[in-house]
Amino acid sequence: MPPRLARLLAVVAALALVAGAFALRTALADDDGGSVRAGGDGPGSGDGPFRILCDDDLGAACEALAGQPGVASVVVVRAGDAVERLSGEASGDDAAYDAWLTLDPWPAMLASAGGDGPPLAVTEAVPVASSPLALLIDPEASGCEDDATWACLTEPARNPVGVASLATATGPLVLAHAAVGLEGDTDFGVNQMEDTTRADLADLLRVVGSERSRTAAEQAEGLLQPGRFSAVAGPEGGARDLAARPQGRRRGLVVAVLAPEATLGVVLAGLGPRGSAAVATLRAVVTGQTVGRALAEGGWTGPASRTRGLPDPDVIYRLQEDLA
């Protein structure tokens, strides 16, 4: 073989080896890309699995969510603690969470929260379940079974009314509804509330006393114990479940829809750059049979809906801050 031809063949062989090595490395890199790809092709993209914050008030639904397709992790946390975590949270590809399953309008309330930096952006919030806000009443202790209004519930000498902690998702919404009932309107500012309304809300918090640390579901359980509460406010489905139990029937507990009527909605909110992709992927999971059944068993038996009948989100947040 001529020397020049031999050198040419050697160069061609070397190039082939380099190209082969490059192709093999690329293939291995694709295989090792992992099940989590933050950012994907850019902000808002990504095919999961996704990291979820789940509200403590949703109970078994959070447990049912773990292990579902598209779910990398589920962190159960109270709404107040979630706001602290998400305020000043890294908002780029280093964001710690992709979605938040909670009560409406907590994702919107996040914008009102202060922190070390801007809150993690909420890309969207879609409703997945709901329940009327209801009152579980002990007729012997309340006297409000025919008048399920906050004007009746906050009359002097009433037995305590069960209200969940203001650190939970439900507690501030119930207090905001009490303010609506006492003010007679949803359109008010915290600074414009009547002195009597502010005093009645403060009294309501005082009467619940040490019970303020409990969730709405745990508060409702307390109504099964004689003399503890005259009534408990929360999701209608949970109230009907307790009233139907043997202890509830023996005590003659009754369920009434609070006036003025209000609806509490459960939403799945996208967070950060992968939030939209997380909601698009997980919406069917959250409304599917496993998680949907757990939501229903927790009292969220209504159709997908946003919260209705309460003041604007910033007013609820201010109210929570003032009364906490």
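Analysis parameters
- Residues numbered from 1 in each chain as written.
- Predicted model: local features only at pLDDT ≥ 70, side-chain atom pairs only at ≥ 80, totals over all residues.
- Heavy atoms only, no water.
- Helix = DSSP H or I, 4+ residues; strand = E, 2+ residues; numbered from the N terminus.
- Buried < 20%, exposed > 50% of the residue type's maximum accessible area, 1.4 Å probe, protein only.
- Contact = heavy atoms within 4.5 Å.
- Areas by Shrake-Rupley, 256 points an atom, 1.4 Å probe, with all protein chains shown as cover.
- Salt bridge = Lys/Arg side-chain N within 4 Å of Asp/Glu carboxyl O.
- Disulfide = S-S within 2.5 Å.
- Polar contact = N/O pair within 3.5 Å; in protein donor to acceptor, adjacent residues only side chain to side chain.
- Core = buried A, V, L, I, M, F, W, Y, C linked by side-chain atoms within 4.5 Å.
- 1 Å grid on protein atoms, 1.4 Å probe; cavity = no way out; pocket = protein on both sides within 12 Å on 5 of 7 lines; lining within 4 Å.
- Points joined across faces, edges and corners; volume = space filled by probe spheres on them.
- Nonpolar A, V, L, I, M, F, W, Y, C, P; charged D, E, K, R; others polar.
- Axes fitted to C-alpha atoms, helices over the stretch in contact; angles between N-to-C directions.
- Parallel < 35°, antiparallel > 145°, perpendicular 65-115°, else oblique.

Engineer: Would you mind going over the overall build of the protein with me for this structure?
Structural biologist: In terms of helices and strands, the protein carries 14 helices and 8 strands. Scored against the burial criterion, the 324 residues of the protein give a buried share of 46%. If you take every contact in the protein between residues at least 6 apart in sequence, the share linking residues at least 24 apart comes to 75%. Surface accessibility of the protein: about 14900 Å² in total, with carbon and sulfur atoms responsible for 51%.

Engineer: For this particular structure, what's the right way to read the pattern of salt bridges?
Structural biologist: Under the criterion given, the structure shown has 7 salt bridges. Residue arginine 240 is joined to glutamate 236 by a salt bridge in which the shortest nitrogen-to-oxygen separation is 3.1 Å. In this pair, arginine 240 and glutamate 236 are both assigned in helix H10 (residues 236–244), 4 residues apart and thus about one turn of the helix distant. On the basis of relative accessible area, glutamate 236 is assigned to the buried category, the value being 15%.

Engineer: Please explain the state of the cysteines as it appears in this structure.
Structural biologist: Should the sulfur atoms of two cysteines be covalently bonded, the bond is a disulfide. Inspection of every chain in the model, using the stated rule, returns 2 disulfides. With its sulfur 2.0 Å from that of its partner, cysteine 54 forms a disulfide with cysteine 62. Judged by the sign of its S-S torsion, about -85°, the cystine formed by cysteine 54 and cysteine 62 is left-handed. With respect to class, cysteine 54 is no different from cysteine 62; both count as buried. Paired by a disulfide, cysteine 144 and cysteine 152 hold their sulfur atoms 2.1 Å apart. Its S-S torsion of approximately -95° makes the covalent link between cysteine 144 and cysteine 152 left-handed. Residue cysteine 144 is classed as buried on the basis of its relative accessible area, which comes to 0%. What links to what in the protein: the bonded cysteines, counted in sequence order, pair as 1-2, 3-4.

Engineer: Just checking my understanding: could you explain the side chain of arginine 274 for this structure?
Structural biologist: Position of arginine 274 among the secondary structure elements: in the loop between strand E8 (263–271) and helix H12 (275–286). Using a relative accessible area of 2% as the deciding quantity, one classes arginine 274 as buried. A distance of 3.0 Å separates the side chain of arginine 274 from the backbone oxygen of proline 49, its partner in a polar contact.

Engineer: Before we go on, may I ask you to explain the nonpolar core in this structure?
Structural biologist: In a soluble, globular protein the nonpolar side chains are often hidden away together inside. Leu58, Leu101, Trp106, Trp150 and Leu268 are the most contacted members of the largest nonpolar core, which totals 79 residues. Here this core takes 7 residues from helix H7 (residues 170–183), the largest share from any one element. In contact with leucine 58, other than residues within four places in its own chain, are Leu101, Thr102, Leu103, Val266, Leu295 and Trp300. In this structure, Leu136, Leu224, Leu242 and Ala243 belong to the second largest nonpolar core, which totals 6 residues.

Engineer: Help me out: how do you make sense of the layout of surface pockets in this one?
Structural biologist: Unoccupied space between atoms shows up once a probe the size of one water molecule is rolled over them. Counted as a void, the second largest pocket has a volume near 210 Å³. Going through the elements one at a time, helix H3 (79–86) and helix H14 (313–323) are the ones with two or more residues in the lining of the second largest pocket. In terms of residue count, the dominant contributor to the lining of the second largest pocket is H3 (4 residues). For the lining of the second largest pocket, the class distribution of residues is 7 nonpolar, 4 polar and 3 charged.

Engineer: Looking at this model, I keep getting lost on the packing of H7 against H14. Mind explaining?
Structural biologist: Any two packed helices are characterised by the angle at which their axes cross and by the distance between the axes. At a minimum axis distance of 10 Å, the contact between H7 and H14 shows a crossing angle of 100°. Taken as axis vectors, H7 and H14 run roughly perpendicular relative to one another. Contacts from Pro172, Leu173, Leu175, Ala176 and Ala179 in H7 reach Ile316, Leu319, Gln320 and Leu323 in H14. In terms of residue class, the contact of H7 with H14 is built from 8 nonpolar, 1 polar and no charged.

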